[in-house]
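Here are the chains, one letter per residue:
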Amino acid sequence: MEEIHFWIGVIATIAFAITGVLAIADRGVDIFGVLVLGVITAIGGGTVRDIILETPTFWSESQMYIWLALGASVLTFVAESFFTQPQIYRWMLYIDGLGAALFGIAGADKAWNMDFGLPLGPVILGVVTAIGGGLLRDILAGRKTLLMSHELYAIPVTLACCAYVLILNFSPQYTIEGSMICMLGSFGLRAAAIYWDLRVPKIFITKTR
Amino acid sequence: MEEIHFWIGVIATIAFAITGVLAIADRGVDIFGVLVLGVITAIGGGTVRDIILETPTFWSESQMYIWLALGASVLTFVAESFFTQPQIYRWMLYIDGLGAALFGIAGADKAWNMDFGLPLGPVILGVVTAIGGGLLRDILAGRKTLLMSHELYAIPVTLACCAYVLILNFSPQYTIEGSMICMLGSFGLRAAAIYWDLRVPKIFITKTR
Amino acid sequence: MEEIHFWIGVIATIAFAITGVLAIADRGVDIFGVLVLGVITAIGGGTVRDIILETPTFWSESQMYIWLALGASVLTFVAESFFTQPQIYRWMLYIDGLGAALFGIAGADKAWNMDFGLPLGPVILGVVTAIGGGLLRDILAGRKTLLMSHELYAIPVTLACCAYVLILNFSPQYTIEGSMICMLGSFGLRAAAIYWDLRVPKIFITKTR
């Protein structure tokens, strides 16, 4: 179990760094910008979560995640033309969705275990863990953030974090199974959105004037 | 006294969430963006203040504010056409100004009581509490921030926080009266700015080139 | 030694505030915006560093830096036409580069002494100290950030922080000399970039599409 989480975390960090760099690469960013934005995409959400939790930043205790993000960013810089192939890019999107699903549940779990602002706190910090890095990247790169798109990206994570908090509260004996199911549900919804190009239905969007 | 503060806090949180959502609604934001940006407008400033103060985020101890902000955001999403009526919107601006006045003094008060960086610290954190949430919303929504407008919004708050710190320092026996007067002064100035559409005089603005 | 650092810190803070204000002055910013953006440019990076380090913000313990930044910002507002003279502005750029060099090494040093996430932590926080304030200013002012330019600004700082961490690790007996050399190297590279208008070579920039 631990091991599965570990490996999904490794894969997710790499995928976040790669998709993070790809998202800004077409603007002509230098290698320093690539490294910073790749790393921030991968570890920014968890960093903000840890700041709000008043706990040491996770990467100050285990730097593996930064090394992974640095490596993946350099790789993406060098092999950009490989990763921008439609087929490969699509794969990256799926892995990125898997990463968001894991990071969301992992963030909620950490907040729950620290007794942080139950019941809303873990949901909020799960979402922050999953999308915070991408938001920071977009702000620093001057891009429109996820919040202003209509992508089905954060909503699956939010629903899964809500479900996970309900499970932790009402059926704590099913924590492990619950975390797996919530993660799969979150990923499944995101994968469906990528596959069928689903977006937030118009009825849930404010009218532009 | 406590009770008055409590109720102004409740009203201010709701007003911040409503004006926060209204500020970005015309760009076609989905319900997730509405919730996040509404909540961030309402509680973002206090969150940044608490992070700088190294004290637990206020909403981790009392989630009422988040529920209020969530509720007000959903309400604004559903009843957008009600709130955008000029008459109602104007009312919201006044209540928002009252909220900023209260949040400013409350933020300065919290920093003062924690002995944080006297005398400048409480002024800075009062201003952060009052305008931080709006700044975060504008950054995430890709809007021009308050700092680049010439609105008389932050200046009344800043002056009131300065006055309040002077009172706390030189006439601590008048803390309660002082906080009320500073709040009213801050709100009065803001209300005058809304009513007469006052802006920062040209002489206090850098020349564009 | 201490004294040299102190004076470079004073000069750097003033230079950061001045160049910070000059960077946004041409957009027509009011005096409140000038003060906030000037102060944030000067102390924002160190503030973020201290938040990540979970240590009291440096300016809560010594407010001199804020007063200096406030004074320099007002001065720049009043005497804008003086500072925008090409000759003077160029001087400011050099002093700003000296400030970045010092802030980088000072930030890395603080993280190292707190045993924060060795070996990568001090490098990251050194860079954050040096460029964080400028990034915050640009985000709040709606400008393109440094990360999206191709200026040789952050790279010298990063290299110097890496070198300094290596010295701290392998030759701790040369800490003082090492810090001076790294600072001078960082400044020298930046000064060369200003003088000859050097930028990041094209080969280190992603291709725009």
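Just so it is clear, the model here is predicted, and its values are computed rather than measured.

Enquirer: How do you make sense of the overall build of chain A when you look at a structure like this?
Expert: Each helix and strand counted, chain A has 9 helices and 0 strands in total. Its C-alpha radius of gyration of 17 Å places chain A within 12% of the 17 Å reference for a compact globule of 209 residues. Each of the three principal axes of chain A carries a C-alpha extent, and together these read 50 × 45 × 30 Å. By the burial criterion, 57% of the 209 residues in chain A qualify as buried. The long-range share in chain A, meaning contacts at least 24 apart out of those at least 6 apart in sequence, stands at 74%. Of the roughly 9000 Å² of accessible surface on chain A, 68% is carried by carbon and sulfur atoms.

Enquirer: Can you walk me through the interface of chain A and chain C in this structure?
Expert: Buried accessible area, meaning the area lost when the parts come together, often serves as the stated size of an interface. On the chain C side, the residues contacting the 29 residues of chain A number 30 residues. Here chain A packs against chain C, burying approximately 2500 Å² in sum over the two surfaces, 70% of which is carbon and sulfur. Contact with chain C buries area across many residues of chain A, yet Asp30, Phe32 and Leu140 of chain A alone supply 25% of it, more than any other trio. Between the two partners, chain A and chain C, sit 9 residue pairs in polar contact (both at pLDDT 80 or more).

Enquirer: Which parts of the structure should I look at to understand the packing of helix 1 (residues 2-25) of chain B against helix 2 (residues 31-53) of chain B?
Expert: For any two helices packed against each other, one specifies the crossing angle of their axes together with the interaxial distance. Residues and elements named next belong to chain B. The interhelical angle for the contact between helix 1 and helix 2, taken along N-to-C directions, is 130°, at an axis separation of 8 Å. As far as their axial angle goes, helix 2 and helix 1 are oblique. Crossing angle aside, the handedness with which helix 1 passes helix 2 is right-handed. The residues of helix 2 that touch helix 1, namely those facing Thr13, Phe16, Ala17, Gly20, Val21 and Ile24, are Val34, Leu37, Gly38, Thr41 and Ala42. A per-class count over the contact of helix 1 with helix 2 returns 7 nonpolar, 4 polar and no charged.

Enquirer: Teacher, can you tell me more about the packing of aromatic side chains here?
Expert: In this description, a pair of aromatic rings is defined by centroid distance and the angle of the planes. Within this structure, the stated rule accounts for 18 aromatic pairs over all chains. A ring pair is formed by Phe116 of chain A and Trp59 of chain B, whose centres lie 5.5 Å apart and whose planes are at 90°; its orientation type is edge-to-face. Here Phe116 of chain A is found in the loop between helix 6 (86-113) and helix 7 (120-141), whereas its partner Trp59 of chain B is found in helix 3 (residues 58-61) on a different chain. For Trp59 of chain B, a relative accessible area of 2% puts it in the buried group. Ring centres of Phe58 of chain C and Tyr65 of chain C lie 5.7 Å apart, and the angle between their planes is 65°; this geometry places the pair in the edge-to-face category.

Enquirer: Explanation requested: the pattern of salt bridges in the structure shown.
Expert: Side chains that differ in charge, positive against negative, can pair when their charged atoms come close. Enumeration over the complete set of coordinates arrives at 15 salt bridges over all chains. Across the pair Arg137 of chain B and Asp138 of chain B runs a salt bridge, and its minimum N-O distance is 3.0 Å. Judged by relative accessible area, Arg137 of chain B falls into the buried class, the value being 10%. When its relative accessible area of 4% is taken as the criterion, Asp138 of chain B is described as buried. For Arg190 of chain C, the salt bridge goes to Glu151 of chain C, with nearest N and O atoms at 3.4 Å. One end of the pair, Arg190 of chain C, is in helix 9 (residues 175-195); the other, Glu151 of chain C, is in the loop between helix 7 (120-141) and helix 8 (154-170), and 39 residues separate them in sequence. Using a relative accessible area of 7% as the deciding quantity, one classes Arg190 of chain C as buried. A single network of salt bridges, built from pairs that share partners, joins Arg49, Asp50 and Lys110 of chain A.

Enquirer: Help me out: how do you make sense of the environment of Val21 of chain A in this one?
Expert: Residue and element names in this part refer to chain A. The topology assignment puts Val21 in helix 1 (residues 2-25). Residue Val21 is classed as buried on the basis of its relative accessible area, which comes to 1%. The spatial distance from the C-alpha of Val21 to the C-alpha of Gly38 is 5.1 Å, given a sequence separation of 17 residues.

Enquirer: Looking at this structure, I do not really get the relation of the copies chain A and chain B. What am I missing?
Expert: Take chain A, turn it by 120°, move it 0.0 Å along the axis, and it overlays chain B with an RMSD of 0.0 Å. Both chain copies can therefore be described as sitting about a three-fold axis. A share of only 10% of interface residues in chain A that are also interface residues in chain B marks the association as one of differing surfaces.

Enquirer: I tried to follow the nonpolar core on my own but got confused; where do I start?
Expert: As a rule of thumb, nonpolar side chains are buried together in soluble globular proteins. In this structure, Ile131 of chain B together with Ile131 of chain C are the most contacted members of the largest nonpolar core, which totals 191 residues. Ignoring anything within four residues of it in the chain, the contact list for Ile131 of chain B reads Leu146, Tyr153 and Ala154 of chain B together with Phe32 of chain C.

Enquirer: Just to check I follow, could you spell out helix 4 (residues 64-78) of chain C for this structure?
Expert: Given a rise of 1.5 Å per residue, 15 residues ought to cover 21 Å, and the 21 Å separating the end C-alpha atoms of helix 4 of chain C matches this to within 8%. Within helix 4 of chain C, burial applies to Tyr65, Ile66, Ala69, Ala72, Ser73, Thr76 and Phe77 of chain C. Looking down the long axis of helix 4 of chain C, one finds its buried residues gathered within 140° of arc, a one-sided arrangement. Opposite the packed face of helix 4 of chain C, turned more than 90 degrees from it, sit the exposed residues Trp67 and Val78 of chain C. Against helix 7 (120-141) of chain B together with helix 1 (2-25), helix 2 (31-53), helix 3 (58-61) and helix 5 (80-83) of chain C lie the buried residues of helix 4 of chain C.

Calculation rules
Residues numbered from 1 in each chain as written. Chains lettered and ligands numbered in written order. Predicted model: local features only at pLDDT ≥ 70, side-chain atom pairs only at ≥ 80, totals over all residues. Heavy atoms only, no water. Helix = DSSP H or I, 4+ residues; strand = E, 2+ residues; numbered from the N terminus. Rg over C-alpha atoms; globule rule 2.2 N^0.38 Å. Buried < 20%, exposed > 50% of the residue type's maximum accessible area, 1.4 Å probe, protein only. Contact = heavy atoms within 4.5 Å. Areas by Shrake-Rupley, 256 points an atom, 1.4 Å probe, with all protein chains shown as cover. Buried area = accessible area lost by both parts, 1.4 Å probe. Polar contact = N/O pair within 3.5 Å; in protein donor to acceptor, adjacent residues only side chain to side chain. Axes fitted to C-alpha atoms, helices over the stretch in contact; angles between N-to-C directions. Parallel < 35°, antiparallel > 145°, perpendicular 65-115°, else oblique. Left-handed = near helix turned anticlockwise from the far one by under 90°. Nonpolar A, V, L, I, M, F, W, Y, C, P; charged D, E, K, R; others polar. Phe/Tyr/Trp six-rings, centres within 6.5 Å; stacked < 30°, edge-to-face > 60°. Salt bridge = Lys/Arg side-chain N within 4 Å of Asp/Glu carboxyl O. Least-squares fit on C-alpha atoms with pLDDT ≥ 70 in both. Core = buried A, V, L, I, M, F, W, Y, C linked by side-chain atoms within 4.5 Å. Expected span 1.5 Å × (residues − 1). Arc of directions from axis to C-beta.

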